[in-house]
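A look at the structure
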Amino acid sequence: PGCPHRGVFYVLKKIRANVAGDIGCYTLGALLPLESMHTTLCMGASIGTALGMEKANPELAKETVAVIGDSTFMHSGLTGIADMLYNKGTGTVMVLDNSITAMTGHQHNPTTGYTLGMEPTHVVDIEAVVKALGVKRVFTIDPFELKDLEKLLKEEMATREPSVIIAKRPCALIIKPDPVRTYVDHDVCIGCKACMRVGCPAITFENNKSNINDALCVSCGVCQRGCPVGAIKREE
């Protein structure tokens, strides 16, 4: 609950994007119920895979997004961006920046501001690095803003030049939960299961109504933003 990658894969599935994936905790986006990552090869391969698909069929660039985490981007994603630019690719890349190396135990990386020994150090600015490599269309967005993210993705996928979208929000395991309670108003809920599509383990469905488990929910608001009738509410 509260994982910043959940909104990304929810939107990618909604717009039916071809998603070239990479190695990280976000690789779980390939599994049910999100099921919105279609290839995974090795660290840093997402951008090269998307570029290869475009070279095989240029029309695929309008339907394809490469996703890569902040730590993997520093490990082997920079070369992918350089390769895309050098070979005249026009694809869309998403850097999923959760400010930590979450998959292997929350180690720090060059983008977090700390060494592995927890000493303050230089912070690599992903947006500045991407621009320095030559990408002109670079955007940073909160992945929980689902409508804004969907609009931006559609625009960049339709644009025939390289673009990088940085989806920036900290890992849910390193931030404190919001004490505000989120709940389903059963008088408003129509049982459409739209909230279930975000794949959050805090949401269940019984007796044709959705329910939110208070013990699991961190009030991230993703399900609330995805509800078409406003049945999910927050206690101020």
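In case you missed it, the structure is sitting above this.
Below is a summary of the structure that appears in this document. (Residues numbered from 1 in each chain as written. Predicted model: local features only at pLDDT ≥ 70, side-chain atom pairs only at ≥ 80, totals over all residues. Heavy atoms only, no water.)

1. Focus: unusual backbone geometry
Residue Pro33 is reached from Leu32 by a cis peptide bond, and omega for that bond is 5°. Phi is positive for Lys88, close to 60°, though the residue is something other than glycine. Along the chain, Lys88 falls in the loop between helix H3 (70-86) and strand S3 (92-97). Looking at Lys88, the relative accessible area reads 69%, which means it is exposed. (Helix = DSSP H or I, 4+ residues; strand = E, 2+ residues; numbered from the N terminus. Buried < 20%, exposed > 50% of the residue type's maximum accessible area, 1.4 Å probe, protein only.)

2. Details of H3
At Ser76, H3 is bent by approximately 70°, the largest bend along its length. Every buried residue of H3 is accounted for by Asp70, Ser71, Thr72, Phe73, Ser76, Gly77, Gly80, Ile81 and Met84. Contact partners of the buried residues in H3: helix H2 (45-56), strand S2 (64-69), S3, helix H4 (126-133) and strand S5 (163-168). At the C-terminal side of H3, Lys88 shows a positive phi close to 60°. (Bend = angle between axes of the 7 residues up to and from the residue. Contact = heavy atoms within 4.5 Å.)

3. Here we look at the nonpolar core
One broad trend across soluble globular proteins is that nonpolar side chains are buried collectively. In this structure, Leu12, Val67, Met94 and Leu153 are the most contacted members of the largest nonpolar core, which totals 53 residues. Setting aside anything within four residues of it in sequence, one finds Leu153 in contact with Val11, Leu12, Ile15, Val65, Met94 and Ile165. (Core = buried A, V, L, I, M, F, W, Y, C linked by side-chain atoms within 4.5 Å.)

4. Considerations on the side chain of Thr111
Mapped onto the elements, Thr111 comes out in the loop between S3 and H4. The buried category is assigned to Thr111, whose relative accessible area is 12%. Looking at Thr111, its side chain comes within polar contact range of the side chain of Asn109, at 2.6 Å. Residue contacts for Thr111: discarding those within four places in its chain leaves Asp70, Met74, Val123, Val124 and Ile126. (Polar contact = N/O pair within 3.5 Å; in protein donor to acceptor, adjacent residues only side chain to side chain.)

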